[in-house]
Amino acid sequence: MKSKIVIFVLLLATLLVSACGAASGELTIQDAWARPANTGENGAAYFIIENGTASDDSLMGVSSDIATAAEVHMSMADANGVMSMQMQDAVIIPAGEPVEFKPGGLHVMLVNLTRDLKPGETITLTLNFKETGNVVVEVLVKEP
Ligand SMILES: [Cu+2]
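Keep in mind that this is a model prediction, so the values were computed, not measured. (Residues numbered from 1 in each chain as written. Predicted model: local features only at pLDDT ≥ 70, side-chain atom pairs only at ≥ 80, totals over all residues. Heavy atoms only, no water.)

### Topic: the overall build of the protein
Definition in use: Numbering of helices and strands runs from the N terminus; a helix is a DSSP stretch of H or I covering at least four residues, while a strand is a stretch of E covering at least two. Note on exposure labels: buried denotes an accessible area under 20% of the residue type's maximum, exposed denotes more than 50%, and partly exposed covers the range between, all computed with a 1.4 Å probe on protein chains only. Residues count as neighbours in contact if any of their non-hydrogen atoms are within 4.5 Å of one another. All accessible-area figures derive from a Shrake-Rupley calculation using a 1.4 Å probe, and residue coverage is judged against the displayed protein chains alone.
Within the protein, the regular secondary structure consists of one helix and 10 strands. Secondary structure elements of the protein, listed N to C terminal, follow the sequence α-β-β-β-β-β-β-β-β-β-β. Per-residue burial over the protein gives 33% buried out of 144 residues. Partitioning the intrachain contacts of the protein with sequence separation of at least 6 by distance along the chain shows that 65% fall at a separation of at least 24. Here the protein displays about 8,700 Å² of accessible surface, and carbon together with sulfur accounts for 57% of that area.

Dropping the structure here:
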């Protein structure tokens, strides 16, 4: 009789653990788009990162096969209103809080494009996260 109860408790514990596993979400990239640009120019890509997991993550870098380099930048205005861009080593993506990459703020700069980016085309970026690892994103080229 006692052993039956133990087995039941173990079963219940297993069910609870798997239920928790299913409830915790994942890290997703929404609304990815890039500005149209020509070969040799710099392009810019934007998206929203939603971290549905239970722990903070960090975007460590981006790679792309259509540019010499892909860098994470933050645009900012100084006291005189002059815009500049600062390269980011890592961008923290808090659990449950979306981080928006948008014109005038965070963006992925595609340095020295090796092909044209025409409206309607799709390019691929690989985002590297500290915890989640690599996430491949389809990015639509469109006018802002
Ligand atoms: Cu930039």
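Next, the rest of the story.
### As for the coordination of the copper ion
Note the threshold: Think of the donor list as every N, O and S atom within 2.8 Å of the metal, or within 3.2 Å for Na, K and Ca; water never makes the list, so a site can look incomplete. Square planar and octahedral sites, with four and six donors, are those where opposite donors lie more than 155 degrees apart and all other angles lie between 65 and 115, tetrahedral sites have four donors with every angle between 85 and 135 degrees, and the rest are irregular.
Bound to the copper ion on the protein side are H73 (ND1), M85 (SD), H107 (NE2) and M109 (SD), at distances that span 2.1 to 2.6 Å. With four donor atoms in place around the copper ion and angles of 92 to 128° between them, the coordination shape is tetrahedral. All donors of the copper ion come from a single chain, and their spacing in sequence reads H-x11-M-x21-H-x1-M. Note that H73 is positioned in strand β4 (residues 67-77) and M85 in strand β5 (residues 83-87), a separation of 12 residues in sequence. On the basis of relative accessible area, H73 is assigned to the buried category, the value being 8%.

### Focus on the nonpolar core
Counted only if it meets this: The set of buried Ala, Val, Leu, Ile, Met, Phe, Trp, Tyr and Cys residues whose side-chain atoms join them within 4.5 Å is what this entry labels a nonpolar core.
If you look at the biggest cluster of nonpolar residues, it comprises 31 residues, and the most contacted ones within it are I49, L110 and L127. The residues contacting L110, other than those within four sequence positions of it, are E41, N42, G43, S64, I66, A67, A69, A70, L117, I123 and L125.

### Comments concerning the packing of aromatic side chains
The description of an aromatic ring pair rests on the distance of the ring centres and on the angle between the ring planes. Rule in force here: Pairing of aromatic side chains here covers Phe, Tyr and the six-membered ring of Trp, requires ring centres within 6.5 Å, and sorts the geometry by plane angle: under 30 degrees stacked, over 60 edge-to-face, intermediate tilted.
Inspection of the entire model under this criterion finds two aromatic pairs. Aromatic side chains W33 and Y46 sit 4.7 Å apart centroid to centroid with 35° between the ring planes, which places their arrangement in the tilted category. On the criterion of sequence distance, the pair formed by W33 in strand β1 (residues 27-34) and Y46 in strand β2 (residues 43-51) is long-range, its members being 13 residues apart. Y46 carries the same exposure label as W33, and that label is buried.

### A short note on the pairing of β2
Which entries qualify depends on this criterion: DSSP calls a pair of strands paired once it identifies at least 2 bridges connecting them.
Counting buried positions along β2 gives eight out of nine residues, so the element sits mostly inside the fold. Sheet topology places β1 next to β2; six bridges connect them, and they run antiparallel. Paired with W33 across the two strands is Y46, which belongs to β2. By the bridge criterion, three bridges tie β2 to strand β8 (residues 106-113) in an arrangement that is antiparallel. Across the sheet, the residue bridging to G43 is L110, located in β8. Two strands pair when backbone bridges link them, and β2 and strand β7 (residues 99-100) are joined in this way by two bridges, in the antiparallel orientation. Along β7, the bridge assignment pairs I48 with E100.

### Notes on the confidence of the model for the protein
Keep this limit in mind: Each residue carries a pLDDT score, the predictor's own confidence in it, on a scale running from 0 to 100.
The share of residues in the protein with pLDDT of 70 or more is 83%, and the mean pLDDT across the chain is 89. In the model, residues 18-23 has pLDDT below 50 throughout and makes zero contacts with residues more than four positions away in sequence or in other chains.

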